[in-house]
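# Summary of the model geometry
Each chain is listed here by its residues.
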Amino acid sequence: MKALPLYLNGQWVHTHTKLGVVNPALGEQFSEVCTLERAAVGQAIGDAHKAFQQWREIPGKERGEYLEKIADELERRGDDIARTITLENGKPLAQSRGEVGMSVDHLRWFAQEARRIYGRTIPHQVRGKRHLVIKTPVGVVAAISPWNFPLVLALRKVAPALAAGCAVILKPASATPLCALALAECIDAAKLPAGVFQLVLGRASDIAQEFLDNPLCRKITFTGSTEVGRMLIRGAAGQIKPLSLELGGHAPILIFEDADMDAAVEGAIITKFRNTGQSCIASNRIYVQKAVYNKFLEQFTKKTLAMKVGDGLEDGVQIGPLINGEALNKALEHIEDATRRGARLLCGGKRIDRKGSFLEPTILADVPADAMCMSEETFAPVAPVCPFNTDAEVIECANASPYGLAAYAFTRNLDRAIRLMESLEAGTIGINDSVPSTSQCPFGGVKQSGWGRELGIEGLDGFMETKHISLGVHI
Ligand code: NAP
């Protein structure tokens, strides 16, 4: 098996070191990709810096046209790329297709935004002066992305950075480099100038150190765990390197007695089990008001038991494998811990006896607040459910987390909905909505879920400097 090349300065480059890519549905390696040493990353940053000098001069509209071409290519190859996502990540094929669709939409959104990078003029208070605010691209951007949405989360960085006029170096997760390679192929097909986009892979800590230490790398945008985010914050101190951080989450979902119960159950299924529970905005704590608690559990369990688990390439599969054995063991530990502390296991709870890292979709009821799954991300199809009495009590429980990425609520009471949107501590709040993310709205976390926002008009901000120009005018 020949290791696939990386994409550096407009060339496909083979190296002598490589990384294996495993299909989590089978637990078997099926591909290999070349890797780099730290020095080569330094070279990539230097090349990106040169490419940046030209890319920034291209008018926004034209940069947007390049992004449209990448989107066209991604769309044309959509079926193949969706299959690649499923092969390396394990998610059901229908969800991989959805991920490709959303990636195309992100590209088209930022293609349009590239021509709307506005400054402003500000009235002066001293005669003979004029004040302008202009936006300029930050320079070379390093993007580090995770494996759980390997294509779309890379694009939430790459697309706005390119639109803003920056050059980008992408370091995808080691578990899922093939989607990033497919993206590089689309960018190559769109004929972006050499060096404007590059793809590196290798030891994450070495690559990140080069991003942190190299003064030509002006910005790091990271999506991943809060633990690694914290390490980057420490490392950024040396050069005061700007960081955008999309970190972990522990979303609560609040189901009130006045909710449309069918919609609430469906919402809990989608927010919990999408991507096999491996989503940063997955609902990790399901709070249900006492009066409808048993009814909810009954319907939720029935729907969960009906979900088809299997290889994501099989027809109709809704739950795939976990990314690896370590993830499976962590989920089993959370289940064991919760039941030991008194939670009732309503369904699932065991590893499925087949190749790959499959877990039965699991529901735990009456989970005590001190169970591990109530504070740590389980990142698996494990649904902890707890009863509550009052609005004040559930809002306090929902906010009692260091994370603040997403929150959900199901209610038909408008006053309550407004109170919730104002008091829940999360960057994204879905009220009677289980799929809140969309290209044109900002996405990001509060508290330890991160710094900055992706998507929306805010999605470009992190890739631009704001400059005030004070102009002396002789009139
Ligand atoms: P992770 O272990 O933090 O890895 C994310 C990325 O960081 C990967 O590319 C990884 O590379 C790299 N990395 C690992 N160690 C590093 C280091 N010392 N310095 C710099 N980079 C390093 O997270 P993950 O397991 O892939 O993803 C799951 C986590 O991401 C969860 O906590 C989830 O909530 C969070 N997440 C957040 C969002 C959001 O938008 N807020 C979205 C998705 C996921 P290697 O793969 O080579 O180790």
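As the structure is a prediction and not an experimental result, all values here were calculated from the model. (Residues numbered from 1 in each chain as written. Predicted model: local features only at pLDDT ≥ 70, side-chain atom pairs only at ≥ 80, totals over all residues. Heavy atoms only, no water.)

## Some details on the packing of helix α3 (residues 78-89) against helix α4 (residues 93-113)
Rule in force here: Axes here refer to lines fitted to C-alpha atoms; in helices the fit is confined to the stretch in contact. Angles between the N-to-C directions go from 0 to 180 degrees. Helix and strand definitions here come from DSSP, where helices need a minimum of 4 consecutive H or I residues and strands a minimum of 2 consecutive E residues; each element is numbered from the N-terminal end. Angle categories: roughly parallel below 35 degrees, roughly antiparallel above 145, roughly perpendicular from 65 to 115, and oblique for all the rest. Whether a crossing is left-handed or right-handed is set by the direction in which the near helix is turned from the far one by less than a right angle, anticlockwise for left-handed and clockwise for right-handed. Whether two residues are in contact is decided by their heavy atoms, any of which lying within 4.5 Å being enough.
Orientation of α3 relative to α4, taken along the N-to-C sense of each, is 120 degrees, at an axis distance of 8 Å. The angle between α3 and α4 places the two elements in the oblique class. Between α3 and α4 lies a crossing whose hand is right-handed. Here α3 contributes Gly78, Asp79, Ile81, Ala82, Arg83, Ile85 and Thr86 to the contact with α4, which in turn contributes Leu93, Ser96, Arg97, Glu99 and Val100.

## Focus on the layout of surface pockets
Basically, it comes down to this: A 1.4 Å probe that fits but cannot get out identifies a cavity on a 1 Å grid over protein atoms alone, an open set with protein on both sides within 12 Å along at least five of seven lines counts as a pocket, and a residue lines either if it has an atom within 4 Å of a point. Grid points are joined across faces, edges and corners, and a volume is the space filled by probe spheres set on the points. Residues are grouped as follows: nonpolar covers Ala, Val, Leu, Ile, Met, Phe, Trp, Tyr, Cys and Pro; charged covers Asp, Glu, Lys and Arg; every other residue, Gly included, is treated as polar.
Of the volumes computed, that of the largest pocket is approximately 1,400 Å³. Taken together, 48 residues form the lining of the largest pocket, with Trp147, Phe222, Gly224, Ser225 and Val228 sitting closest to its centre. Residues of the lining of the largest pocket, tallied by class, amount to 24 nonpolar, 14 polar and 10 charged. In this structure, the second largest pocket spans a volume of roughly 280 Å³. Together, 19 residues line the second largest pocket, and Met102, Phe149, Val152, Arg156 and Arg274 are the ones closest to its centre. At the level of elements, α4 and α5 (152-164) are the ones that each hand at least two residues to the lining of the second largest pocket. It is α4 that contributes the most residues to the lining of the second largest pocket, five residues altogether. For the lining of the second largest pocket, the residue count by class is 10 nonpolar, five polar and four charged.

## Overview of helix α11 (residues 325-340)
So the rule is basically this: Here the expected span of a helix is defined as 1.5 Å times the quantity of residues minus one. Between N or O atoms, a polar contact is any pair within 3.5 Å; within protein, one atom must be a potential hydrogen donor and the other a potential acceptor, and residues adjacent in sequence are included only when both atoms are from side chains.
If you check α11, its first and last C-alpha atoms are 22 Å apart, about what 16 residues at 1.5 Å a residue would give, namely 22 Å. The residue sitting at the N-terminus of α11 and contributing the capping side-chain oxygen is Asn324; that oxygen lies 3.3 Å from the backbone nitrogen of Glu326. One or two steps after α11, the chain reaches Gly342, where phi turns positive at roughly 110 degrees.

## A word on empty space enclosed by the protein
All told, the structure shown has three cavities of 30 Å³ or more when counted by the stated rule. As a volume, the largest cavity reaches approximately 70 Å³. Together, 15 residues line the largest cavity, and Pro252, Tyr403, Gly404, Ala406 and Glu425 are the ones closest to its centre. The class makeup of the residues in the lining of the largest cavity is nine nonpolar, four polar and two charged.

## Notes on the site of the ligand
Selection rule: If a single non-hydrogen atom of a residue is within 4 Å of a molecule or strand, that residue counts as near it. Per-residue accessibility takes into account occlusion by the displayed protein chains alone, with areas from the Shrake-Rupley method and a 1.4 Å probe. A pocket or cavity is taken to hold a molecule when more than half of that molecule's atoms are within 2 Å of the pocket's grid points.
Lining the immediate environment of the ligand, one finds 28 residues, of which Lys171, Ser174, Ser225, Leu247 and Glu377 sit closest. Measuring from an oxygen atom of the ligand, one finds a backbone N or O atom of Ser145 at 2.7 Å. Ser225 has a polar side-chain atom sitting 2.6 Å from an oxygen atom of the ligand. If the ligand stood free it would expose 900 Å²; the protein chains cover 85% of that surface. If you map the ligand onto the pockets, it falls in the largest pocket. Counting residues per element, the ones that place at least two in the shell around the ligand are α7 (204-213), β10 (217-223) and α8 (226-236). Tallying contributions element by element places α7 first for the shell around the ligand, with three residues. Split into classes, the residues belonging to the shell around the ligand amount to 16 nonpolar, nine polar and three charged.

## What to know about the sheet that holds strand β13 (residues 283-289)
Stated formally: DSSP bridges decide pairing: two strands pair if at least two such bridges lie between them.
Spatially, seven strands are ordered β14-β15-β16-β13-β12-β17-β18 in an open sheet, and the strand pairing comes out mixed. The outermost strands of the open sheet, each flanked by one partner alone, are β14 (344-347) and β18 (428-431). Here the strands of the sheet are splayed against their neighbours by 20 degrees on average, with no regard to which way each runs. Bridge count between strand β15 (residues 362-365) and strand β16 (residues 382-388): four bridges; the pairing is parallel.

## Examining the packing of aromatic side chains
So the rule is basically this: What counts as a ring pair is set by centres within 6.5 Å for rings of Phe, Tyr and Trp (its six-membered ring), and what kind of pair is set by the plane angle: stacked under 30 degrees, edge-to-face over 60, tilted for all other angles. Relative accessible area decides the class of each residue, using a 1.4 Å probe on protein chains only: under 20% of the type maximum gives buried, over 50% gives exposed, and in between gives partly exposed.
Inspection of every chain in the model, using the stated rule, returns seven aromatic pairs. Between Tyr7 and Trp12 the ring centres are 4.7 Å apart and the planes differ by 40 degrees, which places this aromatic pair in the tilted class. According to the relative accessible area criterion, Tyr7 is buried, its value standing at 3%. The partly exposed category is assigned to Trp12, whose relative accessible area is 31%.

## Examining the nonpolar core
What counts here: Among the buried residues, those of types Ala, Val, Leu, Ile, Met, Phe, Trp, Tyr and Cys that are joined through side-chain atoms within 4.5 Å form a nonpolar core.
With 115 residues, the main nonpolar core has Ile70, Phe211, Ile255, Ile286, Phe296 and Phe300 as its most contacted residues. Sort the elements by how many residues they give to this core and helix α6 (residues 177-189) lands first, with nine residues. Dropping the residues within four chain positions of it, Ile70 is found in contact with Leu107, Leu162, Leu183, Cys186, Ile187, Ala190 and Leu192. Membership of the second largest hydrophobic core comes to 29 residues, among which are Tyr287, Val367, Cys386 and Ile395.

## Some points on the side chain of Ser401
Tracing the sequence through the fold places Ser401 in the loop between α12 (391-399) and β17 (406-410). Residue class for Ser401 comes out buried when judged on its relative accessible area of 9%. A distance of 3.0 Å separates the side chain of Ser401 from the backbone nitrogen of Tyr403, its partner in a polar contact. When near neighbours in sequence (up to four residues on either side) are disregarded, Ser401 contacts His250, Arg285 and Lys447.

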